[in-house]
Every structure is written in C-alpha cells, then in structure tokens.
Amino acid sequence: MKTQRHTLRALALLLGYPDERVRGLLPLVADALDAEGALSAPRRRELRAFARALGRMDPIDAEMQFVELFDRGRSTSLHLFEHVHGDSRERGPAMVDLVKTYETAGLFIGPHEVPDHLCVVLEFASTQPPPLARDFLGEMAHILTVIFSALRKRESPYASVVAAILELAGRKAEAVPVPDDQPLDEAWAEPAAFDGCSTQGQARPGQPQPLHFVRKAPGSAAGARA
C-alpha cells in the first residue's frame, strides 16, 4: 500500500482555518499529493484547483467563509463526535477514549487541541502505517459521509477534501440525504423571561394558570403547587 503520510497532512492543512500560515503553505499541497500518489489523479486535480482558488481568495472572505461553513453549521461540523453524541454526556467519555488511543500510539496532543476535530484525526492517521490509518478512517466513514453530503448540498468545494479522506478510507464518496441545519439563533435561543410555555406545563401571562393540589401527610400544612 502506498504511503500517505504527507497526503493526510495536506488534507488536514486544507481543512484548517485559512489564516496566514495555512495560506502560505497552500502552494506545497499539490506537490505533496502528487509525490505520494495515494489519491486518484482526478481527485488530486480537484484538490489542486481548490488549493489554488483558496489561495487567491481575499483573506478575510476566506476566513469568514470557513467560520460560516464549519463553525455555524452543525451538519458540517469538523468535530466528529458532535455528529454522534451532540452535546450529550456521552461525548466526554468518547473524547477520553480517543485521547487514550492517541497516547497509546505515542501521540500527545496539545492542551488547546480537541481530539475529535477532523484535522487532529488526520494528523494522528498520518503517523500510522497505511493499513492501520485506512481502518481507523474507515471506522468513521459514516460520519465523513454526512459531512461530505452536507458540503455537497451547500455546493462547497471543501467537499472534495472530505471525499479524498473517504477515498483513503477505502470508501466511495456518495451523497446521502441530510436535513437542513436549524439556524443557530433558534437552536441556541432561550425562552423569554416570564413568557411561559404551555408545552412545559406553564401558561402564558394573562391566561388561566392551572393549580395542582398535593395531598400532604397528616399534620402538615396544606398547599397548592402551580
């Protein structure tokens, strides 16, 4: 199996926040991909065109586009466990297990790096022998397919990068139906103070408020609970 260390790191670079450092390295991407030849020629051409276009973009536009795409879209999030566990408590133990996997293989991530971020995952895979890297990426192919599909739905050229990862995992990049993202303003909105909500057992102001009488034990004061 062909080596793919530099290919995986090039893909991680393409998915990184397009700051000055990343943009400065973009011209090296095509050389790294062609040197190893781990990806098909058509896929390498797609990535070369994407790297060239990204490098030509206005820096502020490139950064704004990245934030809008990956930081404000749940279906396109690069944090893999968010697609599986969301904000539930299960995400924490899954993170711990992933860190242990990294450390067992001799990779210790920095304090500001999140283990389930796709760029970190790719960096780890690049340190492994190709068969192990392929299997490791294959385990998360279903998540990568969702991200790829969401990017395709948005007609984003970043879809080519995720398609390349699927190719290295031995999977075909095929789009599947994905629901529209709920606007973050709605997803994160808190109920208005004192506005009430009938579905939560409380009527709105000005409406009859049901009372639930609770039977007390003998000798205790009677009361009513709203």
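Residues numbered from 1 in each chain as written. Predicted model: local features only at pLDDT ≥ 70, side-chain atom pairs only at ≥ 80, totals over all residues. Heavy atoms only, no water.

Attention shifts here to the packing of aromatic side chains. Applying the stated rule across the entire model yields 7 aromatic pairs. Taking 4.7 Å as the distance between ring centres and 40° as the angle between the ring planes, the aromatic pair formed by Tyr-102 and Phe-124 counts as tilted. Taken together, the residues span a long stretch of sequence, with Tyr-102 in helix H7 (residues 91–104) and Phe-124 in helix H8 (residues 118–126) at a distance of 22 residues. Accessibility assignment for this pair places Tyr-102 and Phe-124 in one class, buried. When the centroid spacing of 5.0 Å and the interplanar angle of 70° are considered together, the rings of Phe-124 and Phe-136 count as edge-to-face. In this pair, Phe-124 is assigned in helix H8 and Phe-136 in helix H9 (residues 130–138), connecting sequence segments 12 residues apart. Here Phe-124 and Phe-136 have matching classes, each one buried. (Phe/Tyr/Trp six-rings, centres within 6.5 Å; stacked < 30°, edge-to-face > 60°. Helix = DSSP H or I, 4+ residues; strand = E, 2+ residues; numbered from the N terminus. Buried < 20%, exposed > 50% of the residue type's maximum accessible area, 1.4 Å probe, protein only.)

A word on unusual backbone geometry. The backbone of Glu-155 sits at a positive phi, close to 55°, despite the residue not being glycine. Assignment of secondary structure puts Glu-155 in the loop between helix H10 (141–153) and helix H11 (159–168).

Moving on: the packing of helix H1 (residues 5–14) against H11. For the pair H1 and H11, the least separation of the axes is 10 Å and the interaxial angle reads 155°. Classed by the angle they form, the pair H1 and H11 counts as roughly antiparallel. As for the relative orientation of H1 and H11, their crossing is left-handed in sense. Residue-level inspection shows Thr-7, Leu-8, Leu-11 and Leu-14 of H1 in contact with H11, the latter providing Val-161, Ala-164, Ile-165 and Leu-168. Among the residues forming the contact of H1 with H11, the class breakdown is 7 nonpolar, 1 polar and no charged. (Axes fitted to C-alpha atoms, helices over the stretch in contact; angles between N-to-C directions. Parallel < 35°, antiparallel > 145°, perpendicular 65-115°, else oblique. Left-handed = near helix turned anticlockwise from the far one by under 90°. Contact = heavy atoms within 4.5 Å. Nonpolar A, V, L, I, M, F, W, Y, C, P; charged D, E, K, R; others polar.)

Attention now goes to helix H5 (residues 59–71). Every α-helix winds through 3.6 residues per turn, so residues three or four apart in the chain are directed the same way. Relative to the 18 Å expected for 13 residues at 1.5 Å per residue, H5 spans 17 Å between its end C-alpha atoms, a close match to the ideal helical length. Along H5, the residues classified as buried are Ala-62, Phe-66, Leu-69 and Phe-70. Along H5, the residues classed as buried sweep out an arc of 75° about the axis, all on the same side. Pointing more than 90 degrees away from the buried face of H5 are the exposed residues Ile-60, Met-64 and Asp-71. (Expected span 1.5 Å × (residues − 1). Arc of directions from axis to C-beta.)

Before going further, it helps to examine the layout of surface pockets. Space inside the second largest pocket adds up to approximately 160 Å³. As for the second largest pocket, its lining consists of Leu-80, Phe-81, Asp-97, Leu-98, Thr-101, Asp-116, Val-121, Phe-136, Glu-139, Met-140 and Ile-143. Going through the elements one at a time, helix H6 (80–85) and H7 are the ones with two or more residues in the lining of the second largest pocket. Tallying contributions element by element places H7 first for the lining of the second largest pocket, with 3 residues. Each residue belonging to the lining of the second largest pocket can be placed in one class, and the counts come to 7 nonpolar, 1 polar and 3 charged. (1 Å grid on protein atoms, 1.4 Å probe; cavity = no way out; pocket = protein on both sides within 12 Å on 5 of 7 lines; lining within 4 Å. Points joined across faces, edges and corners; volume = space filled by probe spheres on them.)

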